[in-house]
Amino acid sequence: MKIYPILLTLLLISCSCQNKLEGKKINKAISPIQKSEIKPNEIEQIEISEQHFRDSLYNRESKHYISKLEEIPNTDSNAYKLTISLKNGEKLFSKVIDTRPQASQINYCNDLYTVVGFACGGPCYSQVFVFTDENRPMEQYDYGQKVKNNPNFIAHIRDEEFKELVIHNFKNSKELVVDISDNNFWNYGQMDSIIMKDKNLFIYYINEKQEAIEKVINLKSILK
């Protein structure tokens, strides 16, 4: 009978120690960085950086233009208003675009167009091109990709089997299809890099065997 009080005492001691250890672990896990450890000027810089990032989603500048994206509240359609102005402050025009609310942003812009992108379900990503020429209709492409060195060209995906990359020329609306059937499917047709040099397009991506691929495509057929 004497053994039971001893076992009970050991059990209580064990539980007490374990609770203290768990308490220390929890306190360590949830303990935040004390504000006193961050200097006031560092906090200010973090806040400024975050604000710049948020602003960059809805405000972009090119060499001569400023683009501003605003969501239109209380509308039946998924509408945003994009305003393009000159850098001297003169407003050129505004256009309403039908994109997903609270899910659209300016991806990038140049003197030819402003690109507003939004997720369209799963890996799908769509982009609307709003041109600085007010009279030119907007154009929309899925899985759009920039071509470095030349804003007149973009690449996009038309078929979600991701076996073909379509090269589009904004100057004449001509297109060229490039076979990328050996690309890694889980990249969803996104190339590592697309660079234009002279009249050739250099396309870089990883294939299904995890090998680096370089393709050189002559653009002669869609240049004129």
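Residues numbered from 1 in each chain as written. Predicted model: local features only at pLDDT ≥ 70, side-chain atom pairs only at ≥ 80, totals over all residues. Heavy atoms only, no water.

(A) Here's a closer look at the sheet that holds strand S3 (residues 79-86). Within the open sheet, the four strands sit side by side as S1-S2-S3-S4. Their pairing is antiparallel. In this open sheet, the two strands that pair with only one neighbour each are strand S1 (59-61) and strand S4 (91-98). Neighbour to neighbour, the strand axes of the sheet diverge by 15 degrees on average, direction disregarded. Bridge count for S1 against strand S2 (residues 65-71) is three bridges, and the pairing is antiparallel. Bridged to Arg60 within S2 is Ser67. (Pairing = 2+ DSSP bridges. Helix = DSSP H or I, 4+ residues; strand = E, 2+ residues; numbered from the N terminus. Axes fitted to C-alpha atoms, helices over the stretch in contact; angles between N-to-C directions.)

(B) Structural view of unusual backbone geometry. Even without glycine at this site, Asn149 takes up a positive phi of about 80 degrees. Tracing the chain through its elements places Asn149 in the loop between strand S9 (145-146) and strand S10 (153-156).

(C) Examining the state of the cysteines more closely. Counting across every chain of the model gives one disulfide. Across the disulfide, Cys120 is cross-linked to Cys124 (sulfur-sulfur distance 1.9 Å). Between Cys120 and Cys124 the sulfur-sulfur dihedral comes to about -75 degrees; the bridge is accordingly left-handed. Look at Cys120 and you get partly exposed, because its relative accessible area is 32%. Taking the relative accessible area as the measure of exposure, Cys124 reaches 10% and is therefore buried. (Disulfide = S-S within 2.5 Å. Buried < 20%, exposed > 50% of the residue type's maximum accessible area, 1.4 Å probe, protein only.)

(D) Structural context of the nonpolar core. Counting residues in each nonpolar core, the largest one holds 22 residues, and the members touching the most others are Leu165, Ile167, Ile194, Leu201, Ile203 and Leu219. Looking at which element gives the most residues to this core, the answer is strand S14 (residues 200-206), with three residues. The contact partners of Ile203, leaving out residues within four places of it in the chain, are Leu165, Val178, Met191, Ser193, Ile194, Ile213, Glu214, Lys215 and Ile217. (Core = buried A, V, L, I, M, F, W, Y, C linked by side-chain atoms within 4.5 Å. Contact = heavy atoms within 4.5 Å.)

(E) How the structure looks around a negative patch on the surface. Taken together, the side chains of Asp142, Asp159, Glu160, Glu161, Glu164 and Asp179 present a region of like negative charge at the surface. Along the chain, the position of Asp159 falls in the loop between S10 and strand S11 (164-169). Judged by its relative accessible area of 41%, Asp159 is partly exposed. (Patch = residues over 30% accessible without salt bridge, like charges linked within 9 Å, V, L, I, M, F, W, Y side chains within 5 Å. Areas by Shrake-Rupley, 256 points an atom, 1.4 Å probe, with all protein chains shown as cover. Salt bridge = Lys/Arg side-chain N within 4 Å of Asp/Glu carboxyl O. Lys, Arg positive; Asp, Glu negative; His and termini not counted. Charge placed at Lys NZ, Arg CZ, Asp CG, Glu CD.)

(F) Broad picture of the sheet that holds strand S13 (residues 193-197). One open sheet holds the three strands; their spatial order is S13-S14-S15, and the pairing between them is antiparallel. In this open sheet, the two strands that pair with only one neighbour each are S13 and strand S15 (212-218). The mean inter-strand angle of the sheet, taken between neighbouring strand axes irrespective of direction, is 20 degrees.

(G) Layout of the side chain of His156. Within the secondary structure layout, His156 lies in strand S10. Separated by 3.1 Å, the side chains of His156 and Glu175 make a polar contact. In this view, His156 contacts Tyr141, Asp142, Tyr143, Gly144, Glu164, Leu165, Val166, His168 and Glu175; residues no more than four positions away in its chain are not counted. (Polar contact = N/O pair within 3.5 Å; in protein donor to acceptor, adjacent residues only side chain to side chain.)

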